[in-house]
Amino acid sequence: MLVALLLLAPGCSRAPRADLVIYNGPEAETIDPHVLTGQPDGRIAGALFEGLTRFDPHTGRGVPGLAHSWEISSDGLRYTFHLRTNAAFSTGKPIRADDFVWSWRRAADPVTAADYSGFFFYVKGGQAIATGATNRLEELGIRAVDPWTVEVTLVNPTPFFPDLCAMRIMAVIPRATVEQFGDQWVRADPLPCSGPYQLESWRPNDRVRLKANPHYWDASSVGCARVDLLSGDSPTAALNLYLTGDVDFLIDKVVIPSELGDVLVRRPDFHSYAYLGTYFFRFNVTRKPFDDARVRRAIGLVVDRRRIVERITRMGEQPASALTPPGAGGYTPPEGLGHRALRATNAADYAAAMRAAVLEAQRLLAEAGYPEGKGFPPFSYMFNAGGGGGARQHENIGVEMQSGLREHLGLHMELRPVEWKTYLSELSQLNFDLARGSWIGDYQDPTTFLDCFLSASGNNRTGWRSTRYDTLLSDAAAEPESQKRMELLREAEAILTKEEAPIVAIYTYVGLFAYDPDRWEGIYKNLTGEHPIWAIRRREGGPTRSRNTAEIAPAPAP
Amino acid sequence: MISAAFLAVIILLALLVPWLSPYGTGQASDFQFSAPDRQHWFGTDVHGRDVFTRVFAGARISLLVGAVGTAVSLVIGVFWGMVAGYVGGRLDGVLMRAVDVLYSLPSIVFVIVLITTLEGHVKRWIGAWAPDWVPAARMLFLFTGLGAVSWLTMARIVRGQVLSLRTRPFVLASQSLGASHRRILLRHILPNVTGVVIVYLTLTVPAIILYESFLSYLGLGIQPPDASLGTLIAEGAAQINPLRVFWWLIVCPGAVLTFTLLALNFLGDGLRDALDPRDG
Amino acid sequence: MYFLRRLLFLLPLTLLIITLAFFLVRIAPGGPFDRERSPASPAVERALAERYHLNESLLSQYLRFLGLKWERQPDGSWKRASGGLITGDLGLSLKYRNHSVSDIIRQGLPVSLALGGTAFLFALGFGIPMGFYTAVRRGQTGDWMGSLVALVVLCVPGFVIGPVLILLLALKAGWFPVGLWGTASHGVLPMATLGLYFGGRVARLTREGMGQALQSEFVRTAQAKGVSAAGVLLRHALPLGLMPVVSYSGPMLADLLTGSFVVENIFQIPGIGVFMVNSSLSRDYTMVVGLVLLYALLLLLLNLGVDLAYSLLDPRVRHE
């Protein structure tokens, strides 16, 4: 056995610890900012590459990045961005307007196969290019007026366009490197980076090491010179590493054990906040009897959201009746199914409201031809299982729904766990009865949620089509007046969540991250959970690294 | 024979408790996460379900999985290994290389493919003549799949034993006396590999049960709200943390599994001692 | 002679295995690029499929994988598509698109080898003496206690042992780090977690094998010849008694060396164990086939070694 220990000596890496160690989550699939889809990927690419705007650490909205200012034309369709004169890649090569033009064209080009190229639909010509209707990339509505000025032409007045410009797919990448190395340009060494950091090393399944980019226009604000982003799939391991001080920052709820969520949330170093995401379930409206809106509404009315949020998820999630979380760009969602119960302020009122909802549901079900659930075919609730804690929540929620449906409506719902890829495949082929769903917003505007249920959207996956809904959304897109636009969106959402109910919302997400506020600053709570790494810095005078994090006691129970 | 009695007690419990218990295995209540007390001997879980009932219902499933899977692995593995080891030469080569080939293939993909391609068909087929048995379809696949994976090592171990046995004096003597191969296999070789086989069987049962829990972890195992001991343990593993421990969620299923397997092992020992022929 | 023939068969056998794996993994539903968010347009989806040749027929993809695909060039000539197995190129991972399969294996394999190797030695170092002891003390208290330990260790899965060890020895006592990899102390807990389970199996198999060996006429002859008790045990009984363990060592070592998913997951170790499971689940076709190739080669070589060991341990075993 001693021999065994000696054998372990090789294979060591004794590099000094980075200034900041973040547990990032699963290994990044790619760090090409145009092509990536995962959140861990986005965090790395977001540190390496920047666009016209960047995310404000406080609000998560788009604020000046490589462009220091911009003007918007009176019809809201033309943006003129002014680039900083000191904008440069990490190799020292300056960044000019035609770098942006080339980058956006490359991202929109279907040959690049960027999943998020749908964002270019807001730009003139973007949809035609991305769908392959034209292969002339010059038709994209972006041009270089002069080396320091970029002009963008939009299809509709899009109030959240500056937020979109901060997204990874809009970042500027080094043309020469991409043309030389093709697809694998991110493995080039040196890799010219346009953002606050450059890539020092990347070991798959281990860590990504970043070092500060001296040529970044805001290099003086960058908090930590060296940052490690650990990749891994185990929330338990992440928590252990955090408790011993090996990791400074648990950046996402995904890397925190969900079974301990309710205990962790009460500690001063765990911070929860309203997050732009919703948990819901879908009906397959192409299958009987779910093609009948009354059946769907009945099932939606009976779901006990408060019970789910208080007994299963227990991290302070808000039960929801509408799809869009409140606060997205100043929008108030309409009231969906079951909203009356959610307005109750105490347990007695809630119970009374739920009883009324159950009666209404029973009435609807009887009207649809299944009094007391008689004659209703057995059906299943599909969800993805596997991967530990997070997926167990889906099962637990399913169990709650199952007992609720049986008790109140006499319906027999089976639980159908499948593994992830099978889940996705069944979902797109509409091979399910009910399926669990969730959506995280990309930007702070309700359309990021509502666009999913357009008839033509690939994210719809319910088989539901409504021309009224589609028309309302396209009217809203063309509407320049913000108040009227919100009204149109509310009307559309009311169809989605109250009248037709192809989906039923359960709760809005709560984000969670962990760091010691006595030692670190620069991390803020915002709706989209954007925590730009450059803003994180050591707090002056804070305690040095110690092993006490395990002893930080939870706050006393309320 | 204390172990036999112990095992019998556990099996009896596994059969009777879910029937006799005042709580159903899926019966939710408002008392989440309550520690063991007089009403709930093993406490309750996240849905307020009685853990005692669930543990023994789970034991029932685990024993079934273990039994069927092990039986499959026993039959195929022993036969395969005996033939390979005894005949030797080219046949041995072919049979053992086949084992190697099957062993190298990723079993998870195999299970996924099996479940996703065939489960639908089999469910419909069973649903046609015995609708109540449809939920068992998934379990059927599990048993078959698990058994199909574990016979490989059994075959290899048996073959190893047989290789050294076939040059023993008593075997050579039988051969020179003109005994048929079948007779030699059944009367001389088989009894002598019984020992190793039984031991390996007692190793296979926990391996199968644990593999099933690994599959559940990946979303391929027993479907909820049913749970096997392995699933309950996998869920309970989250309780091993420094912050908040609902100890009964891991200790109770874990203890039941450990005691059951211990009893099984000592039983196997006794069985082998009883069956083992003396050399000479 | 026998062993030379076995070595010759290694290559065609491996080819057979990876061919089976190649087609098996493509039968499973879902593809590597299925995501929660559907792609922006069918044109994008098509471009992605084309880039990784997923739109071609299975046979065409297979030939390309081997490096035996010829494509017609725009100027009318035929040229062999670059890369492929015969050039030693296992392709790009379909999930980790900025890394090649050989890249990932090259970085993770040494770690898994170190972890697996030490766990193997631990298992043997724990299991063989334990099995030996219980065999010699059969039926007495020593046997009961030793067997109990071995059995308990067998029945408790790695994802329970690991966290318990971490909780007690790392978090509470602080003797070892809770995870990551780099120094010898990082390796102790993972080695123990991985090795204990296999150690238990080895102990049981050794006990059985030793028990039989001690009763065989081979050993009794040596006793009759007057060889000392220790001599009997070590020189005659032990080699025979280890046969079952040796049979088991082949697959055991192959499993250990390719990393353990559970242990690498819990201890955050950058080996290839997690890839072996995750690549199947994420339908990373190239990764699955690359890892199967590695595993198959290891397994075939190790089993060859095991068969060699048979004839060394038991002189009566002859392979034709």
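Analysis parameters
Residues numbered from 1 in each chain as written. Chains lettered and ligands numbered in written order. Predicted model: local features only at pLDDT ≥ 70, side-chain atom pairs only at ≥ 80, totals over all residues. Helix = DSSP H or I, 4+ residues; strand = E, 2+ residues; numbered from the N terminus. Buried ≥ 20, exposed ≤ 12 C-beta atoms within 10 Å, placed from the backbone. Contact = placed C-beta atoms within 7 Å. Nonpolar A, V, L, I, M, F, W, Y, C, P; charged D, E, K, R; others polar. Pairing = 2+ DSSP bridges. Axes fitted to C-alpha atoms, helices over the stretch in contact; angles between N-to-C directions. Expected span 1.5 Å × (residues − 1). Arc of directions from axis to C-beta. Core = buried A, V, L, I, M, F, W, Y, C linked by C-beta atoms within 7 Å. Domains from an automatic or database assignment. pLDDT = per-residue confidence, 0-100.

1. Some thoughts on the overall build of chain B
Then comes step 1: Along its length, chain B carries nine helices and zero strands.
Then comes step 2: Listed N to C, the secondary structure of chain B is α-α-α-α-α-α-α-α-α in terms of helices and strands.
Then comes step 3: Expressed as a percentage of the 280 residues in chain B, the buried residues total 52%.
Then comes step 4: Partitioning the intrachain contacts of chain B with sequence separation of at least 6 by distance along the chain shows that 68% fall at a separation of at least 24.

2. Overview of the interface of chain A and chain C
Then comes step 1: In this assembly, 53 residues from chain A lie in contact with 51 residues from chain C.
Then comes step 2: Those elements giving two or more residues to the side of chain A that touches chain C turn out to be helix H1 (2-7), helix H7 (235-243) and helix H14 (420-428) of chain A.
Then comes step 3: For the side of chain A that touches chain C, a count of residues per class yields 23 nonpolar, 19 polar and eleven charged.

3. As for the sheet that holds strand S6 (residues 142-146) of chain A
Residues and elements named next belong to chain A.
Then comes step 1: Strands sit in the order S4-S5-S7-S6 across an open sheet of four strands; the sheet is antiparallel. The open sheet terminates on both sides in strands that have one partner only, identified here as strand S4 (67-72) and S6. When strand polarity is set aside, the average angle formed by the axes of neighbouring strands in this sheet is 25°.
Then comes step 2: With four bridges joining them, S6 and strand S7 (residues 149-153) adopt antiparallel strand pairing. Along S7, the bridge assignment pairs Ile142 with Val152.
Then comes step 3: On top of the sheet, helix H3 (residues 97-108) reaches strand S5 (78-83), S6 and S7; it is set at about 170° to S6, its chief contact.

4. Examining the environment of Leu15(B)
Residue and element names in this part refer to chain B.
Then comes step 1: The residue Leu15 is located in helix H1 (residues 2-20) in this model.
Then comes step 2: Look at Leu15 and you get partly exposed, because 14 C-beta atoms sit within 10 Å.
Then comes step 3: Separated by 91 residues in sequence, Leu15 and Pro106 have C-alpha atoms that sit 35 Å apart.

5. Quick word on helix H12 (residues 347-367) of chain A
All names here are of chain A.
Then comes step 1: Taking 1.5 Å per residue as the helical rise, H12 with its 21 residues ought to reach 30 Å, and the 30 Å between its terminal C-alpha atoms agrees with that figure.
Then comes step 2: Listed in full, the buried residues belonging to H12 are Met354, Ala357, Ala361, Gln362, Leu364 and Leu365. For H12, the buried positions fall inside an angular range of 160° around the axis, keeping them on one side. Facing away from the buried side of H12, by more than 90 degrees, are the exposed residues Ala348, Arg355 and Leu359.
Then comes step 3: Phi for Gly369, located one or two positions after H12, is positive at around 110°.

6. Comments concerning the nonpolar core
Then comes step 1: Among the nonpolar cores identified, the biggest contains 348 residues, and Ala238(A), Leu250(A) and Val292(C) are the most heavily contacted of them.
Then comes step 2: At 18 residues, helix H7 (residues 181-217) of chain B tops the list of elements feeding residues into this core.
Then comes step 3: The two domains that each donate at least three residues to this core are domain 1 (49-182) and domain 2 (275-510) of chain A.
Then comes step 4: Not counting the four nearest positions on each side in its chain, Val292(C) is found in contact with Ser104(B), Leu105(B), Pro106(B), Ile17(C), Ile18(C) and Ala21(C).

7. Here's the deal with the confidence of the model for chain C
Then comes step 1: Mean pLDDT over chain C stands at 83; residues scoring 70 or higher make up 93%.
Then comes step 2: Looking at the elements of chain C, mean pLDDT is at its lowest for helix H8 (residues 217-224) of chain C, recorded as 68, and at its highest for helix H4 (residues 101-136) of chain C, recorded as 89.

8. What to know about the pairing of strand S14 (residues 379-384) of chain A
Residues and elements named next belong to chain A.
Then comes step 1: In terms of burial, S14 is a largely internal element, five of the six residues being buried.
Then comes step 2: Relative to strand S15 (residues 413-418), S14 is paired through six bridges, and the arrangement is parallel. Counterpart to Asn384 in the pairing with S15 is Val418.
Then comes step 3: Two strands pair when backbone bridges link them, and S14 and strand S16 (residues 434-440) are joined in this way by two bridges, in the parallel orientation. Among the inter-strand pairings, Tyr381 is bridged to a residue of S16, identified as Leu434.

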